[in-house]
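Survey of secondary and tertiary structure
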Amino acid sequence: MTTRVIALANQKGGVGKTTTSVNLAACLAERGQNVLLIDFDPQANATSGLGREKQEGRSLYGLLLGEDSAEHLISPTEIPRLDLIPAEVNLAGAEIEIPRLDRYLHRLRDGLQPLVETNRYNQIIIDCPPSLGVLTMNALAAAHSLIIPLQSEYYALEGLSVIVRLVQQLRDSGANPALEIDGIVMTMFDNRTALSRQVWQQVREHFEKQIYDTLIPRSVRLSEAPSHGKPIILYDSNSTGAAAYRQLAREFLSRRGAKTPPP
Ligand SMILES: Nc1ncnc2c1ncn2[C@@H]1O[C@H](COP(=O)(O)OP(=O)(O)OP(=O)(O)O)[C@@H](O)[C@H]1O
Ligand SMILES: [Mg+2]
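Thresholds, definitions, all that
Residues numbered from 1 in each chain as written. Chains lettered and ligands numbered in written order. Predicted model: local features only at pLDDT ≥ 70, side-chain atom pairs only at ≥ 80, totals over all residues. Heavy atoms only, no water. Helix = DSSP H or I, 4+ residues; strand = E, 2+ residues; numbered from the N terminus. Rg over C-alpha atoms; globule rule 2.2 N^0.38 Å. Areas by Shrake-Rupley, 256 points an atom, 1.4 Å probe, with all protein chains shown as cover. Core = buried A, V, L, I, M, F, W, Y, C linked by side-chain atoms within 4.5 Å. Buried < 20%, exposed > 50% of the residue type's maximum accessible area, 1.4 Å probe, protein only. Contact = heavy atoms within 4.5 Å. Near = heavy atom within 4 Å. Polar contact = N/O pair within 3.5 Å; in protein donor to acceptor, adjacent residues only side chain to side chain. 1 Å grid on protein atoms, 1.4 Å probe; cavity = no way out; pocket = protein on both sides within 12 Å on 5 of 7 lines; lining within 4 Å. Sits in = over half its atoms within 2 Å of the grid points. Phe/Tyr/Trp six-rings, centres within 6.5 Å; stacked < 30°, edge-to-face > 60°. Lys NZ or Arg CZ within 6 Å of the ring centre and 35° of its normal. Expected span 1.5 Å × (residues − 1). Arc of directions from axis to C-beta. pLDDT = per-residue confidence, 0-100. Points joined across faces, edges and corners; volume = space filled by probe spheres on them. Nonpolar A, V, L, I, M, F, W, Y, C, P; charged D, E, K, R; others polar.

Looking only at helices and strands, one finds 12 helices and eight strands in the protein. Relative to the globule expectation of 18 Å for 263 residues, the C-alpha radius of gyration of the protein, 17 Å, shows essentially globular dimensions. Considered along the principal axes of its C-alpha atoms, the protein spans approximately 50 × 40 × 35 Å. Approximately 11600 Å² of the protein is accessible, and the part contributed by carbon and sulfur atoms is 49%.

What follows covers the nonpolar core. Judged by nonpolar contacts, the single largest core of 55 residues is most densely connected at Ile38, Phe40, Leu60, Leu108, Leu146, Leu160 and Val203. A per-element tally of this core places helix α8 (residues 156-172) first, with seven residues. Contacts of Leu108, omitting those with residues within four sequence positions, involve Phe40, Leu60, Leu63, Leu64, Ile126, Asn138, Ala139 and Ala142. Core analysis: the second largest hydrophobic core is formed by 33 residues, Leu8, Val22, Ala46 and Val185 among them.

Taken together, 18 residues are adjacent to ligand 1, and Lys17, Thr18, Thr19, Pro217 and Ser219 come closest. Note that an oxygen atom of ligand 1 is positioned 2.9 Å from one of the backbone N or O atoms of Gly16. More than half of the atoms of ligand 1 fall within 2 Å of the grid points belonging to the largest pocket. Mapped onto the shell around ligand 1, the elements with two or more residues apiece are α1 (17-30), β8 (211-217) and α10 (220-224). In terms of residues, the shell around ligand 1 owes the most to one element, α1, which gives three residues.

Applying the stated criterion to the full structure yields two aromatic pairs. Measuring from ring centre to ring centre gives 5.2 Å for Tyr154 and Tyr155, while their planes differ by 75 degrees; the resulting arrangement is edge-to-face. When the ring centre of Trp200 is taken as reference, the NZ or CZ atom of Arg204 above it lies at 4.8 Å. Lying over the aromatic face of Tyr212, Arg255 brings its terminal NZ or CZ to 4.0 Å of the ring centre.

Turning to helix α9 (residues 194-206), a few remarks are in order. The terminal C-alpha atoms of α9, which comprises 13 residues, lie 19 Å apart, in line with the 18 Å expected from a rise of 1.5 Å per residue. Listed in full, the buried residues belonging to α9 are Ser196, Val199 and Val203. An end-on view of α9 places all buried positions within 70 degrees of arc, on one side of the element. Lining the buried residues of α9 we find β6 (145-151), α8, β7 (180-189) and β8.

Let us now look at the environment of Thr2. Residue position: Thr2 is located in the segment before β1 (4-8). Linking Thr2 and Gln210, residues 208 residues apart in sequence, is a C-alpha distance of 22 Å. Thr2 has contacts with Asn119, Tyr121 and Asn122, leaving out every residue within four places of it along the chain.

Looking at the protein, pLDDT values average 95 and 98% of them are 70 or higher. Below pLDDT 50 for its whole length, residues 259-263 participates in eight contacts with residues either more than four positions away or in separate chains.

In this section: helix α6 (residues 107-118). Taken as a whole, α6 has its buried residues at Arg107, Leu108, Gly111, Leu112, Leu115 and Val116. Each buried residue of α6 lies within a common arc of 140 degrees when the element is viewed along its axis, so the set occupies one face. Opposite the buried face of α6, at more than 90 degrees from it, the exposed residues are Pro114 and Glu117. Where α6 is buried, its residues meet β1, β2 (35-39), α3 (61-64), α4 (70-73), β5 (123-127) and α7 (134-142). Immediately beyond the C-terminal end of α6, within one or two residues, lies Asn119, with a positive phi of roughly 55 degrees.

Another point: the layout of surface pockets. The gaps left among the atoms become clear once a water-sized probe is rolled over them. For the largest pocket, the calculated volume is near 490 Å³. Residue lining of the largest pocket: 29 residues in total, with Gly16, Thr18, Thr19, Met188 and Leu222 positioned closest to the centre. Those elements that place two or more of their residues in the lining of the largest pocket are α1, α2 (45-49), β7, β8 and α10. Of all the elements, α1 adds the most residues to the lining of the largest pocket, at five residues. A per-class count over the lining of the largest pocket returns 13 nonpolar, 12 polar and four charged.

Okay, here's the thing in structure tokens:
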């Protein structure tokens, strides 16, 4: 078993990065995978979405400065096999501090290396902030692959080409030569609207190999779950949102050819 590091990124805000990070991580754990979710956004939505209080100083900020270890920040969650490294607002300081340091793109990769080498986790999932700043760049430099959540709306494709170009630059520059796009997942999909279907078709035309078959529907239950501090499989296990994220977890694992025990 080797650990895979997957970044969930899209510079656009509110497209479902955190919802997908939390729920994909929970569904992978439910399927028997050992999963670490890293909240890498100073907004700390993944932290509160898992029912965790923000705690002063408890984020990867210290690790990025080379003053803390990942192990020290890990704690278990309500879901068996799902651990969390939380965030809090101090992480925003990293955007200012990190560029002054050497290897500034690789601070996260370097800091996670000892943990990755233990192979304690099957998957490490990183929830990125809505920008292409230093934090997201560090996540992309640390990751084996990237999942891009894409909201089914008109400007989605333009934003997608920006991040795809960035992935190419990270490869070409040698910052992360092996970075792959694991997949593009359509979020807040509404099959009743022509726009949702059009965006889906366009993305399929351009990114046939990358787009996931699984569509995440717009669902009130999915948007309510974080205010209860729970992933959807705990908040409403029989909802359409729970079914969609379970299916995404299956599809994610089958793409990687990973063997999983039955849930
Ligand atoms: N499938 C869905 N159906 C309904 N609401 C959703 C769905 N996915 C996400 N949301 C809601 O949309 C909002 C944005 O989602 P989310 O926080 O996951 O996006 P994000 O990309 O992480 O945002 P940010 O860029 O601010 O980090 C949240 O209020 C969330 O509850
Ligand atoms: Mg978010």
